[in-house]
Amino acid sequence: MRMYDIIKKKRDGGELTTAEINYFIGGVTDGSIPDYQISALCMAIYFRGMTDRETCDLTFAVRDSGEKVDFSAVHGIRVDKHSTGGVGDKTSLVVAPIVASYGIKVAKMSGRGLGHTGGTVDKLEAIDGFRTTLSDAEFIEQVNRIGLAIVGQSKQFAPADKKLYALRDVTATVDSMPLIAASIMGKKLAADDDCIVLDVKTGSGSFMKTVDESRELARIMVDIGKNAGKKMVALITNMDRPLGYAIGNSLEVIEAVETLRGKGPDDLTGVCITLAAHMLSLAGKGTPDECEALARKAIVDGSALNKLIETVKAQGGDPKLIEHTEGFAKAKYSHAFKSRVSGYIRRADAEAYGLASLALGAGRNKVEDAIDYSAGIVLKKKTGDYVHEGEDIAVLYSNSQSSFEAAEERLLSATEISDAAPEKEPLIYDIIK
Ligand code: URA
């Protein structure tokens, strides 16, 4: 088999065989296929797409490209949720403790932020001492003991995806439906949970910009998961605007804790309750409606917050930071982004807010970049709110004063203000089962 022939076949609109897809992923994993041929095939897939069968084969090949954690020693049903990536998306920090507080096992392997989107691992590392690397034995012991552990993915975990993602990121081939589906589901299936709830974001801050595209991506991923014997649900949720008010690592941990105290923003709370309800429901705790009541109860009675504190403690983090979030290190500088006019905020483009936060130091341009955990943005107004001339739309935080100008410029062009209030958009567009 020759990589040249595989690239040519896909370039000309052909359907790749299972053997050809396995040959490709095998060569990505062992380094025998050069980057330029991997990139060329990604571009051909970007333009020509893949059938459901090809996408499923690609996913299974990614899943099988590395080592798997042996979860046979975990007692009970394991449930996970995965977001396709967004801005201000701190839902895992809220949802995982809610679900674990009901005795369901959440053995979470999360990612880091890249580009305008944030990652759960970076947020957790904003908590002093929190270890996102555990040995397999520690990971499993903690899941059995307290029901929840959250770690980063190791190098040996679905390594084909690491290589592919790095190349897609620099060859403008990230936003390809089959490549996204195989990347996300390859990793999810390698983690081998029993039930998976997908949060497929839609809108400017996500990889899928329209509801129809997001629905299609969700359908493909749900079908792949079911094919692999998993219980699956996907929610299509709004990512046209940042979720909640906080963007940036420690700022998002603080907002997640507020949400677990029952004082979170309505949009974040709504998405978290629905995600948690579907996770609990797949795990056999009742109908989604019954489980919604359970999710709310875990917030009201404090059991979800206690579960987060227990998890932080177990992974070496300072639990006092969760109990008293004012203890998080603050950025040296802050800067108010003020409205130049009066009117309704019609649009606060999520991608641009994510990029502004990155410019402040909260994210990374390259995988090896360091992060400023205290940097980010706190919105004072959201889409649909009325703002007066001179009033704060957002406050920016950074340890680098010189970053404010570029960040504010982004926010200025990303924030539309007009006399007419915008139509209210749904928070959850659809649920795909
Ligand atoms: N998240 C992933 O893990 N992979 C993608 O391709 C896109 C989002």
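Below: a short report on this structure. (Residues numbered from 1 in each chain as written. Predicted model: local features only at pLDDT ≥ 70, side-chain atom pairs only at ≥ 80, totals over all residues. Heavy atoms only, no water.)

**A few points about the overall build of the protein chain**
A tally of helices and strands in the protein chain yields 17 helices and 13 strands. In terms of overall size, the protein chain behaves like a compact globule, its C-alpha atoms giving a radius of gyration of 21 Å where 433 residues would be expected to give roughly 22 Å. Along the first, second and third principal axes, the C-alpha atoms of the protein chain reach 65 × 45 × 40 Å. Of all 433 residues assigned to the protein chain, the portion counted as buried reaches 56%. Relative to all contacts within the protein chain whose residues are 6 or more apart in sequence, the contacts with residues 24 or more apart total 78%. As displayed, the protein chain has an accessible area near 17,400 Å², and 50% of this comes from carbon and sulfur atoms. (Helix = DSSP H or I, 4+ residues; strand = E, 2+ residues; numbered from the N terminus. Rg over C-alpha atoms; globule rule 2.2 N^0.38 Å. Buried < 20%, exposed > 50% of the residue type's maximum accessible area, 1.4 Å probe, protein only. Contact = heavy atoms within 4.5 Å. Areas by Shrake-Rupley, 256 points an atom, 1.4 Å probe, with all protein chains shown as cover.)

**Observations regarding the sheet that holds strand E8 (residues 343-348)**
What the three strands build is an open sheet, ordered E10-E8-E12; its pairing is antiparallel. Looking at strand neighbours, the two that pair on one side only are strand E10 (386-387) and strand E12 (415-418), the edges of this open sheet. Pairing geometry for E8 and E12, over four bridges, is antiparallel. Within E12, the position partnered with Ala348 by the bridge is Thr415. Packed onto the sheet, helix H17 (residues 404-414) meets E8 and E12 and runs at close to 45 degrees relative to E12. (Pairing = 2+ DSSP bridges. Axes fitted to C-alpha atoms, helices over the stretch in contact; angles between N-to-C directions.)

**Considering the state of the cysteines**
On inspection of all chains with the given rule, the structure shows zero disulfides. With no disulfide partner, Cys56 has as its closest neighbouring cysteine sulfur the one in Cys42, 18 Å distant. Just so you know, Cys291 is unpaired, no disulfide at all, and the nearest cysteine sulfur is the one on Cys195, 11 Å from it. (Disulfide = S-S within 2.5 Å.)

**Focus on the side chain of Ser374**
Summarising the element assignment, Ser374 is placed in the loop between helix H16 (350-359) and strand E9 (376-379). A polar side-chain atom of Ser374 sits 2.9 Å from a polar atom in the side chain of Asp372. Side-chain polar atoms of Ser374 contact the side chain of Asn399, separated by 3.2 Å. Those residues in contact with Ser374 that lie beyond four places of it in its chain are Ser250, Leu251, Ala329, Lys330, Ala331, Tyr397 and Asn399. (Polar contact = N/O pair within 3.5 Å; in protein donor to acceptor, adjacent residues only side chain to side chain.)

**Concerning the site of the ligand**
Taken together, Thr84, Tyr165, Arg168, Ile180, Ser183, Ile184, Lys187 and Phe207 make up the full set of residues near the ligand. Protein contact buries 91% of the 240 Å² of open area that the ligand shows by itself. Where the shell around the ligand is concerned, the elements lending two or more residues are helix H8 (159-170) and helix H9 (177-191). Sort the elements by how many residues they give to the shell around the ligand and H9 lands first, with four residues. When grouped by side-chain class, the residues that make up the shell around the ligand number four nonpolar, two polar and two charged. (Near = heavy atom within 4 Å. Nonpolar A, V, L, I, M, F, W, Y, C, P; charged D, E, K, R; others polar.)

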